[in-house]
Amino acid sequence: MNSETLQVLSSPGTYVQGKGAIEQLGTHLAQLGSSPLLIADDLVWGIVSEPVGDSLTAADLTVTRVGFGTYATPGSVDELVATISESGHDVVVGLGGGSAIDAAKAAGHLAGIRWASVPTAASSDAPTSSLSVIYSEEGEFLEYRFFPRNPDLVLIDTQVVANAPEALLVAGIGDALATWVEARATSRGTGTTMAGGRPTQAGTALARLSWDLLLDNSLMALEAVRAHVVTPALEKVVEAATLLSGLGFESGGLAAAHAIHNALTAAPQTHGLSHGQKVNLGTMTQLVLEGAPTEEIEAFVEFTTTVGLPNSLSEIGLTPQDETELRAVAEGATVADETIHNMPFPVTADRLLDALKAVEGISRAVRAAKGLPAPVLYVAP
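Residue positions are given per chain, counted from 1 along the sequence in the order it is written. Local features are withheld for residues below a pLDDT of 70 in this predicted model, meaning they are given only at 70 or higher, and side-chain atom pairs are given and counted only at 80 or more; totals for whole chains, interfaces and linings count all residues. Hydrogen atoms and water are omitted, and side-chain values are computed over all heavy atoms in the structure.

### A closer look at the overall build of the chain
Numbering of helices and strands starts at the N terminus; helices are DSSP runs of H or I of at least 4 residues and strands are runs of E of at least 2. A tally of helices and strands in the chain yields 13 helices and eight strands. Dimensions of the chain, computed from C-alpha atoms along their principal axes, come out at roughly 60 × 50 × 40 Å. Each residue is placed in one exposure class: buried if its accessible area under a 1.4 Å probe, protein chains only, is under 20% of its type's maximum, exposed if it is over 50%, and partly exposed if it falls in between. Out of the 381 residues in the chain, the part that is buried amounts to 57%. When checking whether two residues touch, look at their non-hydrogen atoms; a contact exists if any pair is within 4.5 Å. Sequence-distant contacts in the chain: of pairs separated by 6 or more residues, those separated by 24 or more amount to 78%.

### A look at the layout of surface pockets
Estimates place the volume of the second largest pocket at around 310 Å³. Cavities and pockets were defined on a 1 Å grid built from protein atoms only: a cavity is a group of points that admits a 1.4 Å probe but offers it no way out, a pocket is an open group of points flanked by protein on both sides within 12 Å along at least five of seven lines, and a lining residue is one with an atom within 4 Å of any such point. Lining the second largest pocket are 15 residues, with Y144, M194, D337, E338 and T339 sitting closest to its centre. Of the residues that constitute the lining of the second largest pocket, the class distribution is six nonpolar, six polar and three charged. Grid points are joined across faces, edges and corners, and a volume is the space filled by probe spheres set on the points. Note on residue classes: Ala, Val, Leu, Ile, Met, Phe, Trp, Tyr, Cys and Pro are nonpolar, Asp, Glu, Lys and Arg are charged, and everything else, Gly too, is polar.

### Quick look at the pattern of salt bridges
Take a side-chain nitrogen of Lys or Arg and a carboxyl oxygen of Asp or Glu: if they are within 4 Å of each other, that pair is a salt bridge. One pass over the full model with this rule turns up 15 salt bridges. Residues R149 and D152 are paired through a salt bridge, measuring 2.8 Å at the closest nitrogen-oxygen approach. Exposure remark for D152: the relative accessible area of 15% places this residue in the buried category. Its salt-bridge partner being K370, residue E302 comes within 3.8 Å of it at the nearest N-O pair. In this pair, E302 is assigned in helix α11 (residues 294-307) and K370 in helix α13 (residues 349-370), connecting sequence segments 68 residues apart. Take E302: its relative accessible area is 32%, and that puts it in the partly exposed class. Here the salt bridges do not stand alone but share partners, grouping R114, R149 and D152 into one network.

### Description of the sheet that holds strand β4 (residues 91-96)
The six strands lie next to each other as β1-β8-β5-β4-β2-β3, forming an open sheet whose pairing is parallel. The outermost strands of the open sheet, each flanked by one partner alone, are β1 (14-18) and β3 (65-66). Paired strands, as defined in this entry, are two strands with at least two bridges between them according to DSSP. The sheet contact formed by β1 and strand β8 (residues 153-157) spans five bridges and is parallel. Residue pairing for β8: G18 is matched across the bridge by D157. Each axis is a line fitted through C-alpha atoms, and for a helix only the stretch in contact is used; angles between axes span 0 to 180 degrees, taken between their N-to-C directions. Packing of helix α4 (residues 98-111) onto the sheet brings it into contact with β2 (36-39), β4 and β5 (114-119), and relative to β4 it is tilted by some 170°.

### Examining the environment of G276
On the secondary structure map, G276 appears in helix α10 (residues 275-289). Separated by 34 residues in the primary sequence, G276 and P310 have C-alpha atoms spaced 9.4 Å apart.

### Notes on the packing of helix α6 (residues 166-188) against helix α7 (residues 201-227)
Axis separation between α6 and α7 bottoms out at 9 Å; the angle between their running directions is 165°. Comparing their axes, α7 and α6 come out roughly antiparallel. The interaxial crossing formed by α6 with α7 has left-handed handedness. Counting all contacts with α6, which are made through E166, L169, V170, I173, A176, L177, T179, W180, V181, A183 and S187, the residues of α7 involved are T204, A207, R208, S210, W211, L214, L215, S218, A221, L222, V225 and R226. Tallied by class, the residues present in the contact of α6 with α7 amount to 15 nonpolar, five polar and three charged. Working rule for angles: under 35 degrees goes down as roughly parallel, over 145 as roughly antiparallel, 65 to 115 as roughly perpendicular, anything else as oblique. For a crossing to be left-handed, the near helix must be turned anticlockwise from the far one by less than a right angle; the clockwise case is right-handed.

### Here we look at the side chain of T270
Here T270 is to be found in the loop between α9 (256-264) and α10. Within 3.5 Å is the distance limit for a polar contact, defined as a pair of N or O atoms, with the added protein rule that one can donate a hydrogen and the other accept it, and that residues adjacent in sequence qualify only through two side-chain atoms. Within the structure, the side chain of T270 is placed 2.8 Å from the backbone oxygen of L264, a separation counted as a polar contact. Apart from residues lying up to four places away in sequence, T270 is in contact with L264, T265, K278 and I316.

### Notes on the environment of T305
With respect to the element layout, T305 can be found in helix α11. Ignoring anything within four residues of it in the chain, the contact list for T305 reads N311, R367 and L372. In this structure the side chain of T305 is engaged in a polar contact, spanning 3.4 Å, whose partner is the side chain of R367.

### What about a negative patch on the surface?
A cluster of acidic side chains, namely D78, E79, E137, E138 and E140, defines a negative patch on the protein surface. Within the fold, E79 resides in helix α3 (residues 74-87). On the basis of relative accessible area, E79 is assigned to the exposed category, the value being 59%. For patch detection, residues must exceed 30% relative accessible area and be free of salt bridges, and they are connected within 9 Å for like charges or within 5 Å for nonpolar side chains (Val, Leu, Ile, Met, Phe, Trp, Tyr). Method for areas: the Shrake-Rupley scheme with a 1.4 Å probe, in which residue coverage is limited to the protein chains shown. Charge assignment: positive for Lys and Arg, negative for Asp and Glu; neither His nor the chain ends contribute. Where a charge sits is defined by one atom per residue type, namely NZ (Lys), CZ (Arg), CG (Asp) or CD (Glu).

### Side note on the packing of α10 against α11
It is at 10 Å that the axes of α10 and α11 come closest, and there the two elements cross at 165°. Judged by the inter-axis angle, α10 sits roughly antiparallel to α11. Two packed elements cross with a definite hand, and for α10 against α11 that hand is left-handed. In this structure, α10 uses N280, T283, M284, L287 and V288 to contact α11, whose residues at the interface are E296, I297, F300, V301 and T304. Taken together, the residues of the contact of α10 with α11 break down into six nonpolar, three polar and one charged.

### Topic: the environment of D102
Here D102 lies in helix α4. Classification of D102 as buried rests on a relative accessible area of 5%. It is 26 Å that separates the C-alpha atoms of D102 and S218, two residues lying 116 residues apart in sequence. With sequence-adjacent residues up to four places away left out, D102 is seen in contact with A72, A126, L131, S132 and V133.

### Thoughts on the pairing of β2
Going residue by residue along β2, you find P36 and L38 tucked away on one face and L37 and I39 tucked away on the opposite face as well. Sheet analysis places β2 next to β4, joined by four bridges and oriented parallel. Bridged to L38 within β4 is V93. Where β2 lies against β3, two bridges are found, and the strand directions are parallel. Each residue of the ladder has a partner; that of L38, found in β3, is R65.

Such coordinate-based values are descriptive only and should not be taken to indicate function.
Okay, structure coming up:
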């Protein structure tokens with residue numbers, strides 16, 4: 001039977017979320033192995049070293065940590081594999097952001113050991129998935145790497161999320177908002193999901209639930225982060241941005257939004273923006289590309305502007321007059337193996353280029369009608 005006729009749902013072995021969850025990390029890791037390797041950059045390690053160290057020590061596990069750079073690159077993954085092999089580690093743990101977690105997953109797969117995701121912010125849905133996004137040293141998208149299984153453990157402490165910068169949660173909201181928009185497009189078409197088959201009803205429903213929770217709770221969750229407290233709204237948004245979006249994108253399907261994000265990473269103007277910020281511009285473009293109802297586009301512009309996400313070219317450092325750059329983005333997003341071809345209609349570079357150019361005027365018109373601030377040109381650091 002052709003795999004394209006099968007429905008597939010992929011999920012992590014165990015998902016743990018809540019205030020103080022990081023204090024239980026050792027207990028959960030002890031069920032996976034006896035010699036964990038922790039991957040975290042210096043900033044993240046400075047935040048979590050004490051509770052992580054205490055938790056592992058209480059579980060009779062040795063604390064061994066290696067540093068990490070900015071991106072999950074082929075070289076950084078290979079270095080981790082060498083470290084795992086040389087020291088005999090049997091479980092690798094990615095602590096921090098999506099790239100550290102992606103590197104841990106990729107290294108764990110190549111080394112043939114188990115792996116765990118411990119995000120310190122709800123900034124993306126990468127922690128739950130069975131794939132890693134690999135970048136160049138400069139931050140340009142190179143490839144997706146797929147694995148035969150998801151992480152054995154995903155653990156996220158909502159107090160750690162509440163203490164993290166607000167911009168990280170905003171990025172996670174942007175990444176997760178794309179999940180339902182892409183999943184519904186995939187369900188209407190004939191494409192396959194990252195899990196390797198057609199969407200399940202469960203995957204599509206979880207994508208919709210993520211969207212609903214974000215719309216209802218994001219503003220209150222951001223207020224909680226500003227106050228560094230954990231509230232029910234924050235718990236819901238963390239689950240939506242991490243678990244539900246992760247399951248929804250992997251088993252519900254990616255479409256235009258993430259393909260546009262991937263192509264945007266090649267534009268120097270966008271360097272310095274988060275994954276979620278670029279994805280949100282991709283979502284806005286997908287809504288225009290598919291001819292979504294005016295009311296839906298207006299509501300999306302109003303909500304994402306209020307949250308602090310870009311929905312115009314200006315806010316990611318481009319303008320409709322940047323013909324060369326926009327043409328490159330349109331062509332990069334429509335290469336043969338990109339997820340944009342999960343859209344329920346053919347998408348060419350010319351068609352996408354028109355949508356990209358239209359986004360700026362639409363965003364400005366909606367903002368003016370709603371009394372919202374006009375887009376401001378982003379300048380990359």
